[in-house]
Amino acid sequence: MSVDPGDDPHVRLLLGAYVLDALDAEETCTVARHLRGCDACARIYVEVAEASALLALLRAEDLRE
């Protein structure tokens, strides 16, 4: 999965795929390296990871009204 970040040096567009382990090896390394040095992206990563963990707790019945 490849997303062109354009002129944005941050990795926000890749964080969802990073949390789901859906990036190729090069992109994974790029995101991991960036997160070590960017507090803003690291905070967003935590939010995305928490949301992903919460979604995993839902059952099909929870989604029906």
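Sorry if this is basic, but what is going on with the nonpolar core here?
One finds Val-11, Leu-14, Leu-15, Ala-17, Leu-23, Val-31, Leu-35, Cys-38 and Cys-41 forming the largest nonpolar core, which totals 9 residues. Residue assignment for this core shows that the elements contributing at least two residues are α1 (15–19) and α2 (25–37). When residues no more than four places from it in sequence are discounted, the contact partners of Val-11 are Val-31, His-34, Leu-35 and Cys-41.

When you look at the packing of α2 against helix α3 (residues 39–56) in this model, what are you seeing that I'm missing?
Helix packing geometry: the angle between the two helix axes and the distance between the axes. For the pair α2 and α3, interaxial distance at closest approach is 6 Å and the crossing angle is 115 degrees. Comparing their axes, α3 and α2 come out roughly perpendicular. Crossing handedness for the pair α2 and α3: left-handed. Within the contact between the two elements, α2 uses His-34, Leu-35 and Gly-37 and α3 uses Asp-39, Cys-41, Ala-42 and Tyr-45.

Cut-off values and rules
Residues numbered from 1 in each chain as written. Predicted model: local features only at pLDDT ≥ 70, side-chain atom pairs only at ≥ 80, totals over all residues. Heavy atoms only, no water. Core = buried A, V, L, I, M, F, W, Y, C linked by side-chain atoms within 4.5 Å. Buried < 20%, exposed > 50% of the residue type's maximum accessible area, 1.4 Å probe, protein only. Helix = DSSP H or I, 4+ residues; strand = E, 2+ residues; numbered from the N terminus. Contact = heavy atoms within 4.5 Å. Axes fitted to C-alpha atoms, helices over the stretch in contact; angles between N-to-C directions. Parallel < 35°, antiparallel > 145°, perpendicular 65-115°, else oblique. Left-handed = near helix turned anticlockwise from the far one by under 90°.

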